Amino acid sequence: MTANQFNAAPAPPAQAFRDKFRNRTRSTQRQHGFTLVELVVVIAIIAVLTGLLLPAIQKVREAANERQATLKLRQIASAQKAFFRGHGAYAVSFDQLGLAGELTCSNADCSSAQNQGYIYQLILSPSGGVWKAIGTPAAVGKTGSAKFTIDQTETIASAPIPEAEAAQKQMFDNINAQAVPTLFRLVLQRPSDFQTIPPALENRATSIRAFNQLDLNGDGKVTFTEILNYNGIGSDIIGGYLAFLGREMELGAGGEDVNTLPGVSLEMLSLQGNLTGNLFSPRGNNTYLQADIGGLSDLNSGSPISGGTLTNTVPAVQLAGFGDGSVRFVQGNEDGGVFRRASFFSQLSPPDAETTNAWGGVWTLTDQEGNGVNGILIGLLSPPGSQRSLRAFVVATHAVGDWNGINGNGDATINWGDQTLQGNFHADFQLVPAVQRRGKQ
């Protein structure tokens, strides 16, 4: 199947698409492997998850939990007010307040309790005439990123938690790193078809198909529950990755009811660029990134295999280069665009010591003002005996500053000046929005 065949195929309705693939039995998958279309969709599921869905659904998760935290604090304040009227003193526990059914006690005296991702503490002054309740995320940067308090004035105060941003970044970095070996497993099932994969991933219909695969109930939104319970095509391969992200994001911590967390729609994803107030917000997530990168490559053999040690190593290529004014942002079908000088860094390795043709890892592209984007790169190396080159697909997983909202899939071709992967390299690099806004551009 060619890239043009991918581009020509319209995205089928969600239910029809799901039925088409779920009617294929697991035994058929084991005997015959994926078709090319199925393979691309499964790769796209991971790309959509890492680049768009997880950051977006994490935002709505935190917002929902924080809203619930303020409601619980108001409930605590109301219960304390009623308790004081009846007893002339404030309660010292959530059990005394009659809230043990609403909040799950975390210690013996029930002065600490949890609900929907937050831990609540009830604190009284030595005289007992002043009280305060504090709501803190059970997993900072995951179930929430802000702390809330309330006291007898019934005024809620809130503040961001300083370490939340770093904790969340580490969470997403760990999830992205776990995606790399999963993508290797998929790509190596059909290496002869790899040339078709990058352009197919850039097709808007592929991202829609991937989203619809995750939307198990067909309501137009994807929730954490649907992600964790995915049983469609490729679930036997990506199931471990999905379970890992559930653990890494600590879903369910602090009494969090994952089944009640809201989902996100394709329209919400397409509007992400508009919500950031960044340089490209007038067009939302319709910004294409193109870069012409040159630099130096260094090959070493001291990189541990994922989860391994230095005694179990694979080669690693470190790339460092510049897009000297050639990093171009194009919105819609406009000519020209915004040009930036940017620095490029990447470290690529094969999945194991025995595999020599597949290389992948993470990359970053950052301009002089600190705006940047990073992601995952997976590619196949040209055979020995010719000028070494790597044809790859790339996934943008995180963007900051003015570049926030540049999320999508793309392709890259990296050419080396010799066959040792050392010395000069040149790369052509582009990203296409995974979910583009419809209507007037």
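Here the structure is a predicted model, which means the values were calculated and not measured. (Residues numbered from 1 in each chain as written. Predicted model: local features only at pLDDT ≥ 70, side-chain atom pairs only at ≥ 80, totals over all residues. Heavy atoms only, no water.)

A. Quick look at the pairing of strand β6 (residues 157-160). Relative to β6, strand β5 (residues 146-151) runs antiparallel, the two being bridged by four bridges. Within β6, the position partnered with Thr 149 by the bridge is Ala 157. Between β5 and β6, which pair antiparallel and follow one another directly, the connecting turn spans five residues, one of which, Glu 154, has a positive phi of 65°. (Pairing = 2+ DSSP bridges. Helix = DSSP H or I, 4+ residues; strand = E, 2+ residues; numbered from the N terminus.)

B. Geometry of the packing of helix α4 (residues 36-87) against helix α7 (residues 204-214). Close contact between α4 and α7 brings their axes to 8 Å; oriented N to C, the two are set at 80°. By the angle between their directions, the pair α4 and α7 is classed as roughly perpendicular. Along its contact with α4, which presents Val 37, Val 40, Val 41, Ala 44, Ile 45, Val 48, Leu 49 and Leu 53, the element α7 presents Thr 206, Ser 207, Arg 209, Ala 210, Phe 211, Gln 213 and Leu 214. By residue class, the composition of the contact of α4 with α7 is 11 nonpolar, three polar and one charged. (Axes fitted to C-alpha atoms, helices over the stretch in contact; angles between N-to-C directions. Parallel < 35°, antiparallel > 145°, perpendicular 65-115°, else oblique. Contact = heavy atoms within 4.5 Å. Nonpolar A, V, L, I, M, F, W, Y, C, P; charged D, E, K, R; others polar.)

C. Spotlight on the confidence of the model for the protein chain. On average, residues of the protein chain carry a pLDDT of 84, and 81% of them reach 70 or more. Low pLDDT (under 50) marks residues 1-32, which in the prediction has 51 contacts with non-local residues, meaning those over four places away or in another chain. In this model residues 273-285 is a low-confidence stretch, pLDDT under 50, and it forms 40 contacts with partners more than four residues away in sequence or in other chains. (pLDDT = per-residue confidence, 0-100.)

D. Representation of the pattern of salt bridges within the structure. Here the structure, examined in full by the defined rule, presents six salt bridges. Arg 61 is the partner of Glu 256 in a salt bridge, and the nearest nitrogen-oxygen pair spans 2.9 Å. Of the two residues, Glu 256 sits in the loop between α9 (235-248) and β8 (264-265) while Arg 61 sits in helix α4, which places them 195 residues apart along the sequence. Owing to a relative accessible area of 6%, Glu 256 belongs among the buried residues under this scheme. The salt bridge partner of Arg 190 is Asp 193, with a shortest N-O separation of 2.7 Å. A relative accessible area of 26% places Arg 190 in the partly exposed class. (Salt bridge = Lys/Arg side-chain N within 4 Å of Asp/Glu carboxyl O. Buried < 20%, exposed > 50% of the residue type's maximum accessible area, 1.4 Å probe, protein only.)

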